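Okay, here's what each chain looks like letter by letter:
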Amino acid sequence: MLSYDELTSPERELWDAFPEGRRVDLRTGVPEDDRVDGGGQWGPGRTVRATVIVALLLGTNTARPGAVACLRLAGARISGHFNLAGAQVAHALWLEDCWVEEGVDLSGASTQSIAIVGSRVPGVEAGMIRIDGRLDLRRSRLESGSASPFHRRVTALSLINATVSGAVNLNGAEITAPEEWAVSAGGLVAEGGVYCADGFVAHGEVRLMGAQLPGGLHMRGALLERPGRRGVALALDNAVASTLDFSDGFTANGTVRLRGARISDNLTFEGAVLNGPPDGHGPSLTALLMQAVDFDFTLARQPSGTVDLRGAQVSYVHDSEQSWPDVVELEGFVYGSIKKVESGERREAVGRWDSVARRVAWIRRSPGYSPQPYEQLASWYRTIGHDDDARRVLLAKQRHRRCTLSLPTRTWGHLLDVTVGYGYRPWLAGVWLLALTLLGTLVFGAHSPTPVKQGEGAPFQPLVYTLDLLIPIGGLGQRTAWYWTDGSLQWLAYLLIALGWVLTTAVIAGVTRTVQRN
């Protein structure tokens, strides 16, 4: 138990101020002397032992009637081990521009609001903490400490399974654990959201798997770099949030992983830079089975690694020319609408003559063949009333599928494509019929055939004769009434009969395929 006589002058000042919640400011007012980076050189007049702070927070000096006790300290060098593990703390803690000598252990504690602002701290262990208020670490510099007892990995800020009724504010903070875990907050519940903007920098992996963030995750302009061996800069697997904001210059020098994440409103990467892992061998974004309402992927520049959206479901997609890398995984990706950003304007990605070709090229960036991306795109075109564009997409699907088939099947596919466009261009059959009819009429009209029976049958009509050859069903009485003594003309007649059967079969096959799909 500490006694008042054992306290130094600044500790006594803090001891006396605590019951009334008054702030104790040990700063000199000289910027060069008050720089936190040099806090290790501050002398006894600015040094407060961590044990004194812990004793006050645990109720050693009780509050005075009519006042709310609160520990408020600025410009101090805090020496010794700051240990509140498992404690029940009924008073708020507010530290500003302090230099903390050893790590802060809050694991398993139940506390009021905690603010460590603009300070230097060699690691914060707050796994399983319960905070009735907010956690404010703005502008602080957290450095990697010892391995966390929860996962035995070196971590600068641990919030595993923590519960915060307010917000977690990391705006402007710099958290350093190179190639380790800068932030480990799996299972975090932050009712007011997590804020990592205004120059936030993380050297190491930021982990928020399974986090519940009703107030969202806001990382506008944040920089994530120097990830671990896996190359993951940000892990949000199975997280639940109202919004994920990675806009305004957000930069990830590693994989952003959103596997199974559920976002009830907006997921935005507007103006973001996704560089992927430093070694260049991993994806820039992995969002398998991700769910969101609005997905804004209008990046500042093209991602350097792959983008994996397999099984993801969104209502709206916003993209631009810089959105997609050379490889995009789209199998199972479901969306309700696509909007393209051009010249600062957002509009439906339709209307231009090359819009369908660009979307098909987008699908072709996915490795291998999968029918679902084509079916999804065609469904969207139908929904907005662009049936012709939908048919073009489905035709592209058949052409892509043809590349995976055996040689005989590919040959038949080429025939269906040329004659009727796999049933999506039935007018091609009319073009072929007209061309062959014109050919036969001109060639046969320039020669005289021999009647099968002299004096019987209708007069020779080149047009009707050609149609009789091309139409395999029924008969017009010309084909059986005349023949050719010229071998080349007779072979032409045989060829037209064969082409008629092929054309009819292709039409039936193509139309049947279309009807079945519809």
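Heads up: the structure comes first, above all this text.
Below is a summary of the structure that appears in this document. (Residues numbered from 1 in each chain as written. Predicted model: local features only at pLDDT ≥ 70, side-chain atom pairs only at ≥ 80, totals over all residues. Heavy atoms only, no water.)

### A look at empty space enclosed by the protein
Moving on, step 1. According to the stated counting rule, one finds 2 cavities of 30 Å³ or more in the structure shown.
Moving on, step 2. Put simply, the largest cavity is a space of about 70 Å³.
Moving on, step 3. Lining the largest cavity are L157, L159, V168, L170, V183, A185, L188, V194, C196, F200, V206 and L208.
Moving on, step 4. Of the residues contributing to the lining of the largest cavity, the split by class is 12 nonpolar, no polar and no charged.
Moving on, step 5. The space that makes up the second largest cavity amounts to roughly 30 Å³.
Moving on, step 6. Forming the boundary of the second largest cavity are L57, L84, V89, H91, L93, L106, T111, Q112 and I114.
Moving on, step 7. The biggest single contributor to the lining of the second largest cavity is strand β9 (residues 110-117), with 3 residues. (1 Å grid on protein atoms, 1.4 Å probe; cavity = no way out; pocket = protein on both sides within 12 Å on 5 of 7 lines; lining within 4 Å. Points joined across faces, edges and corners; volume = space filled by probe spheres on them. Nonpolar A, V, L, I, M, F, W, Y, C, P; charged D, E, K, R; others polar. Helix = DSSP H or I, 4+ residues; strand = E, 2+ residues; numbered from the N terminus.)

### Considerations on the pairing of strand β35 (residues 337-342)
Moving on, step 1. Relative to β35, strand β33 (residues 313-319) runs parallel, the two sharing 4 bridges. Within β35, the position partnered with V317 by the bridge is I338.
Moving on, step 2. One ladder, built from 4 bridges, connects β35 with strand β36 (residues 345-348); its direction is antiparallel. When the bridges of β36 are listed, V341 appears paired with R346. (Pairing = 2+ DSSP bridges.)

### What about unusual backbone geometry?
Moving on, step 1. With a phi angle near 60°, E179 is a residue other than glycine that sits in the positive phi range.
Moving on, step 2. Relative to the helices and strands, E179 is located in strand β17 (residues 174-184).
Moving on, step 3. Classification of E179 as exposed rests on a relative accessible area of 52%. (Buried < 20%, exposed > 50% of the residue type's maximum accessible area, 1.4 Å probe, protein only.)

### Overview of the packing of aromatic side chains
Moving on, step 1. Applying the stated rule across the entire model yields 13 aromatic pairs.
Moving on, step 2. The interplanar angle of 35° and the centroid separation of 5.1 Å between the aromatic rings of F246 and F269 together place this pair among those described as tilted. Of this pair, F246 sits in the loop between β25 (240-245) and β26 (251-252) while F269 sits in the loop between β28 (262-268) and β29 (273-274), and the two are 23 residues apart along the sequence. Residue F246 shares its accessibility class with F269, and that shared class is buried.
Moving on, step 3. Across the ring face of W42, the terminal group of R46 is positioned such that the distance to the ring centre comes to 3.8 Å.
Moving on, step 4. Cation over ring: R207 sits above W181, and NZ or CZ is 3.9 Å from the ring centre. (Phe/Tyr/Trp six-rings, centres within 6.5 Å; stacked < 30°, edge-to-face > 60°. Lys NZ or Arg CZ within 6 Å of the ring centre and 35° of its normal.)

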